Amino acid sequence: MKKPIVLIFLTLLFGNSSASSFGWNEALLASMKLQEDYAYERTVDSYMRLFRRDVWTRYRNDEFELQDKRVETVEIMKDRVDNLDLNSEFLVNTEFRFLEYDFEKSEYPLIALNEDSIIRIEHVAHRSHHVSTYGLPTSFDLSFTNTDIIGAIPMKQDVAREFLISRRDSRGNVNRALSVALYFKLIDFHENDNRFDAEITRVDIFHGPLRDRGSVIKSFRTEKRG
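Quick caveat: nothing in here was measured; it's all calculated off a predicted structure.

**Structural notes on the overall build of the protein chain**
(1) Moving on: Across its full length, the protein chain carries five helices and 11 strands.
(2) Moving on: Seen through its principal axes, the protein chain has C-alpha atoms that stretch 75 × 50 × 35 Å.
(3) Moving on: Taking all 226 residues of the protein chain together, the buried fraction comes to 43%.
(4) Moving on: Taking the intrachain contacts of the protein chain between residues at least 6 apart in sequence as the baseline, contacts between residues at least 24 apart amount to 69%.
(5) Moving on: Summed over its atoms, the accessible surface of the protein chain is roughly 13,100 Å², and 45% of this surface lies on carbon and sulfur atoms.
(6) Moving on: Of the side-chain charges in the protein chain, 32 are positive and 37 negative, and the distance between the mean point of each set is 6 Å.

**Observations concerning the pattern of salt bridges**
(1) Moving on: If you walk through the whole model with that rule in mind, you get eight salt bridges.
(2) Moving on: As a salt-bridge pair, Glu72 and Arg52 come within 2.6 Å of each other at their nearest N and O atoms. Of this pair, Glu72 sits in helix H4 (residues 63-82) while Arg52 sits in the loop between helix H2 (40-51) and helix H3 (53-59), and the two are 20 residues apart along the sequence.
(3) Moving on: Relative accessible area serves as the criterion here: at 32%, Glu72 is assigned to the partly exposed category.
(4) Moving on: Given the relative accessible area of 14%, Arg52 is considered buried.
(5) Moving on: Within this structure, Arg52, Lys69 and Glu72 form a network of salt bridges that share partners.

Basis of the calculations
- Every chain is numbered independently, its residues counted from 1 as its sequence is written.
- Whole-chain, interface and lining totals are the exception, using all residues; otherwise, since this is a predicted model, local features are given only for residues with pLDDT of at least 70 and side-chain atom pairs are given and counted only at 80 or more.
- Heavy atoms throughout the structure, all of them, feed into the side-chain values; hydrogens and water do not.
- Starting at the N terminus, helices and strands are each numbered in turn, a helix being any DSSP run of H or I of at least four residues and a strand any DSSP run of E of at least two.
- Per-residue accessibility, obtained with a 1.4 Å probe over protein chains only, is compared with the maximum for each type, and a residue is labelled buried under 20%, exposed over 50%, and partly exposed between these values.
- In what follows, residue pairs with any heavy atoms lying within 4.5 Å of each other are defined as contacts.
- Computed with the Shrake-Rupley method and a 1.4 Å probe, the accessible areas treat only the protein chains shown as cover for residues.
- Charged residues are defined here as Lys and Arg on the positive side and Asp and Glu on the negative side; His and the ends of the chain fall outside this count.
- For charged residues, the charge sits on one atom: NZ in Lys, CZ in Arg, CG in Asp, CD in Glu.
- By definition, a salt bridge exists where a carboxyl oxygen of Asp or Glu is found within 4 Å of a side-chain nitrogen of Lys or Arg.

Next up, the structure:
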């Protein structure tokens, strides 16, 4: 059973602007594109209710006009799917946590991703009964094939001490959350559990949490082949 790490602040985009933010909308389009012979007609009403609300409201009781709008909406869906470049690099923002300092190795170990982890991309409907995706998935999961590229954060002892002090509040509590920009490329999609396989291309770990992330203190990259 893969343990989910829930992605937070999906609307925030940090890091390399050349990468595309991967939120729920992008995940929906990517899931369609990665399914061979995707049946657009099966989800066109759901898509129309969610993304063309005014059209659905106006024509839902007129089956002739509605059918015309279905044909029109399918073309819109196909166009948006075609415009999604699966060869591009995507970006999600999440948080890892650093553990107690390892004095023997001079590093901070991380609670990060492993081969059993997922990052969950959620629509607001996943947590609210007042919002609906009308039959479309409320969440998508990302699992990664190469989480072994993520290691610890090497840091000399005097620097590590100052780093810990900078994360301590007036009551002595240490905020061990670290903001992470995770870059990846999609490989495959599994319709049965709405899960993507992806390959990490780069991980940037920042000094602070998401809302006050500061500078990059460690990066991990996939070695280029060839």
